[in-house]
Amino acid sequence: MSKAITSLFGIQYPIVQGGMIWNSGWRLASAVSNAGGLGLIGAGSMYPDVLREHIQKCKKATSKPYGVNVPMLYPDIEEIIAIIIQERVPIVFTSAGNPRTYTQKLKDEGITVVHVVSSVKFALKAQEAGVDAVVAEGFEAGGHNGREETTTLTLIPMVKEHLKVPLIAAGGIATGKAMLAAMVLGADGVQLGSRFVASEESSAHQLFKEAVVAAKEGDTELTLKELAPVRLLKNKFYQDVKELYKTAPTVEELKALLGRARAKRGMFEGDMVEGELEIGQIAGLIHDIKPAGQIVAEMMTEYEAAKAAVNQLF
């Protein structure tokens, strides 16, 4: 196992919990960090004062390294960055924007910076911007996704060919076997989102967690590419989007249907009919809701068993 990620973050296992909007509060982040992985607070669904509260509670709940995921398109981004610096957050994952904007500023404050990408092109831009590591996220992932539609199986070795900084694989990973596969392809660590949605500490609504567990193959789809590609669990809202596409809608019409706060309505408030339910294809392999610490432990046990089984083949 590569030690690049564990050494970079000061953690026991190369497992990162994705900073997902409406799912990743301080309870989940601290639980993953306490279990030996890296927990991330998802700032994308938090007002600045709420983020500060989550950071402070996370620091009280764990003495281990933790981080904050920051979408660069966040409207209060300047205030968010200021709070992260004031609260001395040790690790920041940035996404959905230009990594050059804040990477050096954060690094000057002693913060480790990682950027999330969906292509080789953007991985190289992140490296040029001076990030300490890159997350390469494949098409299977839930939530907002890349326009290239490159799968994790293809993306990781492509990025690895060109990257000099540590590489974290994301998209379609929820098991120790998938973790081993990602590392064979060149990853130094893995990031999990959907698997941690279905955890006891996740801030997702219980109905959403149950919907994730009930999901089968083909129950998600990437859509709304004209706005920002997003992988959704199929429900009435998804069907409404599908029907609207039959009319060759304008961007304005798509925005009107999406409206505001639909993701909060679905994932956080539990509206399984009209809410936006962001989850990855791997939901079809998630069959239970369990403590985050147990998820980490079982992943490592399965990883070691899978590695041993592969070694016996040769």
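Because the structure is a prediction, the values reported are computed rather than measured. (Residues numbered from 1 in each chain as written. Predicted model: local features only at pLDDT ≥ 70, side-chain atom pairs only at ≥ 80, totals over all residues. Heavy atoms only, no water.)

Enquirer: Quick rundown of the nonpolar core? Include the residues and the values.
Expert: Ranked by size, the top nonpolar core spans 76 residues in total, and within it Ile-15, Val-68, Ile-84, Val-134 and Phe-196 carry the most contacts. With residues up to four places along the chain from it excluded, the contact list for Val-68 reads Leu-40, Ile-41, Ala-43, Leu-51, Ile-55, Ile-84, Val-89, Ile-91, Val-92 and Phe-93. If you look at the next biggest cluster of nonpolar residues, it comprises 14 residues, including Ile-5, Ile-11, Val-16 and Ile-91. (Core = buried A, V, L, I, M, F, W, Y, C linked by side-chain atoms within 4.5 Å. Buried < 20%, exposed > 50% of the residue type's maximum accessible area, 1.4 Å probe, protein only. Contact = heavy atoms within 4.5 Å.)

Enquirer: Break down the sheet that holds strand β7 (residues 143–144) for me, citing the residues and quoting the values.
Expert: Taken in spatial order, the 3 strands of this open sheet run β7-β11-β10, and their pairing is antiparallel. The two strands at the open ends of the sheet, each matched to only one other strand, are β7 and β10 (220–223). Sheet analysis places β7 next to strand β11 (residues 230–233), joined by 2 bridges and oriented antiparallel. If you follow His-144 over to β11, its bridge partner there is Val-230. (Pairing = 2+ DSSP bridges. Helix = DSSP H or I, 4+ residues; strand = E, 2+ residues; numbered from the N terminus.)

Enquirer: Report on the environment of Val-134, specifying residues and quantitative values.
Expert: Assignment of secondary structure puts Val-134 in strand β6 (residues 133–137). On the basis of relative accessibility, which here comes to 0%, the residue Val-134 falls in the buried class. Each C-alpha atom of the pair Val-134 and Leu-124 lies 9.2 Å from the other, and the pair is 10 residues apart in sequence. Excluding anything up to four places from it in sequence, Val-134 contacts Val-114, His-115, Val-117, Ala-123, Ala-126, Leu-163, Val-165, Pro-166, Leu-167 and Ile-168.

Enquirer: Give me the lowdown on the layout of surface pockets, citing residues and values where you can.
Expert: For the second largest pocket, the calculated volume is near 210 Å³. Forming the walls of the second largest pocket are 13 residues, and the residues nearest its centre are Ala-174, Thr-175, Arg-195, Lys-290 and Glu-298. (1 Å grid on protein atoms, 1.4 Å probe; cavity = no way out; pocket = protein on both sides within 12 Å on 5 of 7 lines; lining within 4 Å. Points joined across faces, edges and corners; volume = space filled by probe spheres on them.)

Enquirer: Any details on helix α10 (residues 206–214)? Residues and values, ideally.
Expert: Inspection of α10 places Phe-208, Lys-209, Ala-211 and Val-212 among the buried residues, and these make up the whole buried set. Along α10, the residues classed as buried sweep out an arc of 160° about the axis, all on the same side. Elements in contact with the buried residues of α10: α9 (194–197), β11 and α13 (262–268). (Arc of directions from axis to C-beta.)

Enquirer: Pulling in residues and values, what's your account of the packing of helix α8 (residues 176–184) against helix α14 (residues 292–312)?
Expert: α14 packs onto α8 with a crossing angle of 60° between their chain directions and a minimal axis gap of 7 Å. The orientation of α8 with respect to α14, classified from their angle, is oblique. Our pair here, α8 against α14, has a crossing hand that is right-handed. Where α8 approaches α14, its residues Gly-176, Lys-177, Met-179, Leu-180 and Met-183 are matched on the opposing element by Met-299, Met-300, Glu-302, Tyr-303, Ala-306, Lys-307 and Val-310. For the contact of α8 with α14, the per-class residue count stands at 8 nonpolar, 1 polar and 3 charged. (Axes fitted to C-alpha atoms, helices over the stretch in contact; angles between N-to-C directions. Parallel < 35°, antiparallel > 145°, perpendicular 65-115°, else oblique. Left-handed = near helix turned anticlockwise from the far one by under 90°. Nonpolar A, V, L, I, M, F, W, Y, C, P; charged D, E, K, R; others polar.)

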